[in-house]
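Chain residues, written in single-letter form:
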Amino acid sequence: EAGVTQSPTHLIKTRGQQVTLRCSPISGHTSVYWYQQALGLGLQFLLWYDEGEERNRGNFPPRFSGRQFPNYSSELNVNALELEDSALYLCASSFIFSKNQPQHFGDGTRLSIL
Amino acid sequence: KNEVEQSPQNLTAQEGEFITINCSYSVGISALHWLQQHPGGGIVSLFMLSSGKKKHGRLIATINIQEKHSSLHITASHPRDSAVYICATETSGSRLTFGEGTQLTVNP
């Protein structure tokens, strides 16, 4: 069974640019979660998508957005990049209707803002 | 606001030692997760529990809902256990709140 895959693995951008990160969940998983791990701040919840809808959102500005496609893959978009957006962005997936099913994480996209 | 606190922040052990990492949280939760993160950044879910105790190989996780406390134990630790261990609580909306993590180093 293929795990959660994220692309790209690394990305370098400059302030003000826009970026799109991609995530493919495990086959059969309908929920996709996005997390940010910035240096010194630990992991923070960004977004949760399920069945194509945004279900929950963390304390991030509107320039962080995303979507989930009919095949359950997801994109995270970040507009007007700032230096503090430099972080590891992790995607996870799960099937929420299975009781006590953990989230499965991808290897992340490391985003550096210059 | 849900606060998740882990202790210790850093832990160095000798191979074979019994290790305990603690996690305390401040609000009612639907589940608690223990995660392992290796230096490359990849995260593996170790346990998800809402009551009692779970065991997988040399790893044991316990939770006390009344005391809002969970522990992760590693028996017969090995250098390959060296990683960051992260506690995360799950509340409504499948939202995870993470602890700061415990950096574990197991020396041969």
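Since we're looking at a predicted model, the values are computed, not measured. (Residues numbered from 1 in each chain as written. Chains lettered and ligands numbered in written order. Predicted model: local features only at pLDDT ≥ 70, side-chain atom pairs only at ≥ 80, totals over all residues. Heavy atoms only, no water.)

**Some words on the packing of aromatic side chains**
Both the distance between ring centres and the angle between the ring planes are used here to describe each pair of aromatic rings.
Then, in step 1: Within this structure, the stated rule accounts for 5 aromatic pairs over all chains.
Then, in step 2: When the ring of Tyr-35 of chain A is compared with that of Phe-98 of chain B, the centres are 5.2 Å apart and the planes differ by 90°; the resulting orientation is edge-to-face. Separated into two different chains, Tyr-35 of chain A in strand β4 (residues 31-38) and Phe-98 of chain B in strand β10 (residues 95-98) make up a pair that spans both.
Then, in step 3: A relative accessible area of 0% places Tyr-35 of chain A in the buried class. (Phe/Tyr/Trp six-rings, centres within 6.5 Å; stacked < 30°, edge-to-face > 60°. Helix = DSSP H or I, 4+ residues; strand = E, 2+ residues; numbered from the N terminus. Buried < 20%, exposed > 50% of the residue type's maximum accessible area, 1.4 Å probe, protein only.)

**Focus on the nonpolar core**
Buried together is how nonpolar side chains tend to be arranged in soluble globular proteins.
Then, in step 1: The biggest cluster of nonpolar side chains holds 22 residues, and the ones touching the most others in it are Val-19, Leu-21, Trp-34, Leu-46, Leu-76, Tyr-89 and Leu-111 of chain A.
Then, in step 2: Listing elements by their share of this core, those giving two or more residues are β3 (19-24), β4, β5 (42-50), β8 (74-78), β9 (87-94) and β11 (109-113) of chain A.
Then, in step 3: Sequence-distant contacts of Tyr-89 of chain A, that is, excluding residues within four places in its chain, are made with Gln-6, Leu-21, Tyr-35, Gln-36, Leu-46, Phe-64, Leu-76, Gly-108, Thr-109 and Leu-111 of chain A.
Then, in step 4: Membership of the second largest hydrophobic core comes to 21 residues, among which are Ile-19, Phe-47, Ala-61 and Leu-104 of chain B. (Core = buried A, V, L, I, M, F, W, Y, C linked by side-chain atoms within 4.5 Å. Contact = heavy atoms within 4.5 Å.)

**Let's talk about unusual backbone geometry**
Then, in step 1: With omega at -10°, the peptide bond leading from Ser-7 of chain A into Pro-8 of chain A counts as cis.
Then, in step 2: Following the sequence through the fold, Pro-8 of chain A ends up in the loop between β1 (5-7) and β2 (10-13).
Then, in step 3: In this structure, the amide linkage connecting Ser-7 of chain B to the following residue, Pro-8 of chain B, adopts the cis form with an omega of -5°.
Then, in step 4: With respect to the helices, strands and loops of the structure, Pro-8 of chain B is situated in the loop between β1 (4-7) and β2 (10-14).
Then, in step 5: With phi around 50°, Glu-51 of chain A is a residue other than glycine that occupies positive phi space.
Then, in step 6: Secondary-structure assignment places Glu-51 of chain A in the loop between β5 and β6 (53-57).
Then, in step 7: Of note in the backbone geometry, Lys-68 of chain B takes a positive phi value of approximately 55° without being a glycine.
Then, in step 8: Within the secondary structure layout, Lys-68 of chain B lies in the loop between β7 (59-64) and β8 (69-74).

Treat this as a map of the structure, not an account of what it does.
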